[in-house]
Amino acid sequence: MATERYNAREVEARWQKIWNDKDVFVTVNDDPRDKYYVLEMFPYPSGRIHMGHVRNYAMGDVVARFKRARGFNVLHPMGWDAFGMPAENAAMQNKVHPKDWTYENIATMRDQLKIMGLSLDWSREFATCDVGYYTQQQRLFLKFLEAGLVYRKNAKVNWDPVDMTVLANEQVIDGRGWRSGALVEQRELTQWFFKISDYSEDLLDAIETLDRWPDKVRLMQKNWIGRSEGLRVRFEFATPAPTGDKTLEIFTTRPDTLFGASFMGLSPDHPISVKLAEDNAELKAFIDECRRVGTSEEAIEKAEKKGINTGLRVKHPLDSSIELPVYVANFILMDYGTGAIFACPAHDQRDLDFARKYDLPVRPVVLPKGADAAAFSVDDEAFTDDGTIFNSDFLDGLSIADAKEAVKKKLEDMNVDGAPQAERQVNYRLRDWGISRQRYWGCPIPVIHCDDCGVVPEKDENLPVELPHDINFDKPGNPLDRHPTWRDTTCPKCGKPAKRETDTMDTFVDSSWYFARFTAPDCDQPTDPDAANGWLPVDQYIGGIEHAILHLLYSRFFTRAMQKVGALDLQEPFKGLFTQGMVTHETYRQGEGANGRWVSPAEIRIEEVDGNRHATLLDSGEEVTIGSIEKMSKSKKNTVDPTDIIDTYGADTARWFMLSDSPPERDVIWTEDGVQGAWRFVQRVWRLIGEITDKSELRGGSAPETDGKALDLRRASHKTLAAVSSDLEGLGFNRAVARIYEFVNAISKAVNDGIEDDAHEYAVREAANFLVQMIAPMMPHLAEECWSALGHDNIISEAKWPSVDEALLVEDSITYPIQINGKRRGELEIAKDASKEEVEAATLALDFVRKALEGAQPKKLIVVPQRIVNVVV
RNA sequence: GCGGGCGUGGUGGAACUGGUAGACACAAGGGACUUAAAAUCCCUCGGCCCUAGGCUGUACGGGUUCGAGUCCCGUCGCCCGCACCA
């Protein structure tokens, strides 16, 4: 074979055809081997694959191919998260039907994925907008409805009064609609909800069992669910409330600070606020202003703390001589607790900001450890750490925890307006999941509104409720609403004319069970429970950290809900989770400030002059500014098209580069130099394998002798194999790559120095085989080509992972670094099984140690077995 | 604003549970081969000091420890999420 250059384009296409023709990656459900389910978060078909996809799918493919080689029956499917807003935006902008736009994108992206050479079972592919998929989703919805997991209630949406349409949070920019620029209002609509709150406690507790999830994701989910133990306290009104209520009910997690109470706060949406606003113009204006901030928690929290004094007053439950004013405040959420709070400014930053603005009292009641009670005051920073209660009557001197308990006990036993003054309550931050979307391109909610029977589920035999194709986006709003006939149907209950629900489902619903559907993609029910229970949970799920909370939490809820309706029998969908980092790239900009424009990497050339990098435009030679490194995005034009890279260098090179260097959980910077380095490595491996086959074909080496150079190389082979195996097991792709580089250096040296004898030749052949097998999960095409060149008659995609000879890993001596006072001053080589005493004696006998000691005894001699020795003088 | 994370040479990074900081790679510089270029191979490569060698160094400032990139406190910078983007 000699040294012709490796032609990636020709080789990759050839092997992809072979895999395809042989159905190598088609998985059958009844295979007797142990199962392993690898899944990467499926892509939204935005138009073209981007580098983030390449990274994500390259990682998943390594796991899939590695586990396959290790003897597992691997399920590795792919599909499309295909409903969503971009298709509607495209329809509005380019007059293209969302369905056509979506399926064209899918076709393009499927081709792009195929040239990556992924070991996917394409026979299981589906898109969430396939009628076959959303039919089953409607069926699941009806089962959830029957099981009491679905209900309707009023909820707020962002309303664009000019476009007459509901806006997503991302479409609201500084309180205005992104297209119309109109001030956004809030509107209440009756919407569909999933009762995820039924599972708050379970979803929280079960996080403990997810030991193969990143700690940060588990922590984020815990905080998101937000369990808090607190107290529901009823404050008696000192002035009559407009609603006729005798008491104002609040929720607090800090009853210990009750003596620091300065005012009461109501959400702008609280019934009392709304009632008062009826004949208070100032308050009404304020509430309207709050409603223009938007519905997102972020917007509400970031807004300046503001409020209006209602003139109402309540009595302090522990000291009736104190009356507290009641404010309507913009930072209080109606969805959390009771929509009302008591404010203790000294120990809550939001309350403090508010109190300072309106000149309300700030009375500290928690004293920091060691502080002087007489001198302690709170200025602009609330004190939220631990301390001792003071200024608080019977609570003085107690710890926070004890004071909480004391207040709870006391208030529980008190009565106001014929009921206990307070009750203990466990509160969750997690809210029910609103799934209604007033949009066309989503799964229709299969219910019918009948004037006589009310809301009626569609009959199972009438499914699917199919999206009509004859719609247009000439006008804003939901095309389903104004379709001339689609809404018209008959009531499944009474048979009279009735109207269909026009809301479609949140696309998070689509992605909350696709992993289960892959186990039986053609089943005429949502799942085949046997298949689902056999394959699930997903053993390794890989995707972006941006999904750490919502998608993963919804999928966990869905799995429980599906268990409840008998679709499958497990709670947790994802056993192992891995969140990979983003792909970033330098940015380039021509011109300054507002007149500047972003320039794509393909348009420029980089040169180095006197150690400084300069970028110039390819066509005009004009200088371009090199900017910061940012996440690849269309808006900054710092994207690199994977197809271009694969055309130039091949899929293996692109995959290898995505896996080398950067740890997979961290961001990776795409650089041209890096790709070229990867490409050179591809060539290097090919050349090395060529040399080995040339040099060793004359000999018949088959004697695994174990001494000299042959032994050294075999040790390196088995050590590398052991290390790479465990790196791949733990998704340490970059570490595996570094070890493979080292290994290639070692093999090259052995080959260049000349193959000495049969034993050495055996070792070189073994090393070559190991090398090819170790790169196979990452660069499968190159590996197949090398494997074939090495004379194997099977394909490497079906070859078994080699096994490590443990005997070759054992070392008989060890080199200890010797520290003097914590600084390394030399080394000690000694038998690996030397006792602590022997190591100590040998250390003290070393020249530089004796010199440092100057005849004295060491103050301390620390020997960490197999690690290090530290002499303290 | 709240929650979560990250920060190591010119660059990407390595360093298992607190134990030799900079493995491996990229870039750069020097050399070999070549008519020349590409490719390939060899050498150097955190900073400072005069070498042997030493000092210093993991965003910044403190602390715990025989020993800190790793643990703790504070500061700065960047990134992700915040429930209708996917």
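Structure shown above.
Rules of the game
- Residues numbered from 1 in each chain as written.
- Chains lettered and ligands numbered in written order.
- Predicted model: local features only at pLDDT ≥ 70, side-chain atom pairs only at ≥ 80, totals over all residues.
- Heavy atoms only, no water.
- Helix = DSSP H or I, 4+ residues; strand = E, 2+ residues; numbered from the N terminus.
- Contact = heavy atoms within 4.5 Å.
- Areas by Shrake-Rupley, 256 points an atom, 1.4 Å probe, with all protein chains shown as cover.
- Lys, Arg positive; Asp, Glu negative; His and termini not counted.
- Charge placed at Lys NZ, Arg CZ, Asp CG, Glu CD.
- Near = heavy atom within 4 Å.
- Polar contact = N/O pair within 3.5 Å; in protein donor to acceptor, adjacent residues only side chain to side chain.
- Nonpolar A, V, L, I, M, F, W, Y, C, P; charged D, E, K, R; others polar.
- Pairing = 2+ DSSP bridges.
- Axes fitted to C-alpha atoms, helices over the stretch in contact; angles between N-to-C directions.
- Salt bridge = Lys/Arg side-chain N within 4 Å of Asp/Glu carboxyl O.
- Buried < 20%, exposed > 50% of the residue type's maximum accessible area, 1.4 Å probe, protein only.
- Right-handed = clockwise from strand over helix to strand, strands pointing away.

Asker: Can you help me understand the overall build of chain A in this one?
Answerer: Assigned secondary structure in chain A consists of 26 helices and 37 strands. If one aligns the C-alpha atoms of chain A with their principal axes, the spans along those axes are about 105 × 85 × 65 Å. Pairs at least 24 residues apart make up 71% of the contacts formed inside chain A by residues separated by at least 6 positions. Within the structure as shown, chain A displays about 39400 Å² of accessible surface, and the carbon and sulfur contribution to it stands at 47%. Taken together, the 106 basic and 141 acidic charged side chains of chain A have centroids lying 2 Å from each other.

Asker: How should I be thinking about the protein's contact with RNA strand B in this particular structure?
Answerer: In the neighbourhood of RNA strand B, 66 residues make up the surrounding shell, with Asn169, Arg439, Arg735, Arg867 and Asn870 lying closest. Here RNA strand B approaches the protein such that, of its atoms within 4 Å, sugar and phosphate make up 61%. Residue arginine 431 places a main-chain N or O atom 2.9 Å away from a base nitrogen belonging to RNA strand B. Here a base nitrogen of RNA strand B sits 3.1 Å away from a polar atom, N or O, in the side chain of glutamine 438. Element by element, the count of residues in the surface near RNA strand B is highest for helix H22 (residues 733-753), at six residues. Residue composition of the surface near RNA strand B, grouped by class: 24 nonpolar, 15 polar and 27 charged.

Asker: Whenever I open this one, the sheet that holds strand S21 (residues 447-450) confuses me. Can you help?
Answerer: By definition, the strands of a sheet pair up through backbone hydrogen bonds, in either a parallel or an antiparallel sense. Taking strand neighbours across the sheet as the criterion, the four strands line up as S22-S21-S24-S23 in an open arrangement whose pairing is antiparallel. The sheet is open, and its two borders are formed by strand S22 (454-457) and strand S23 (488-490), each paired with just one other strand. In this sheet, neighbouring strand axes are inclined to one another by 45 degrees on average, regardless of whether the strands run parallel or antiparallel. Bridge analysis of S21 against strand S24 (residues 497-500) gives two bridges, and the strand direction is antiparallel.

Asker: Is there a simple way to think about the sheet that holds strand S3 (residues 150-160) in this case?
Answerer: Taken in spatial order, the four strands of this open sheet run S4-S3-S7-S19, and their pairing is antiparallel. Edge positions in the sheet fall to strand S4 (165-167) and strand S19 (433-434), since each has one partner strand and no second. As defined by bridge partners, S3 adjoins strand S7 (residues 185-194) across ten bridges and the pair is classed as antiparallel. Counted as the bridge partner of lysine 153 is glutamine 191 from S7.

Asker: Is there a simple way to explain the pattern of salt bridges in this structure?
Answerer: For side chains of opposite charge, pairing can occur when their charged atoms come near one another. If you walk through the whole model with that rule in mind, you get 48 salt bridges. Taking the shortest distance from any N to any O, the salt bridge between glutamate 785 and arginine 14 comes out at 3.0 Å. Of this pair, glutamate 785 sits in helix H24 (residues 780-789) while arginine 14 sits in helix H1 (residues 8-21), and the two are 771 residues apart along the sequence. The class for arginine 14 is partly exposed, based on a relative accessible area of 32%.

Asker: Can you walk me through the pairing of strand S26 (residues 540-544) in this structure?
Answerer: Of all five residues that make up S26, five are buried, and the element is covered over most of its length. Sheet topology places strand S1 (residues 35-40) next to S26; three bridges connect them, and they run parallel. Counted as the bridge partner of glutamate 40 is isoleucine 542 from S26. Summarising the sheet, S26 and strand S27 (residues 577-580) pair through four bridges and their orientation is parallel. Counted as the bridge partner of glycine 544 is glutamine 580 from S27. Read from S26 through helix H17 (residues 550-564) to S27, the crossover connection turns out right-handed.

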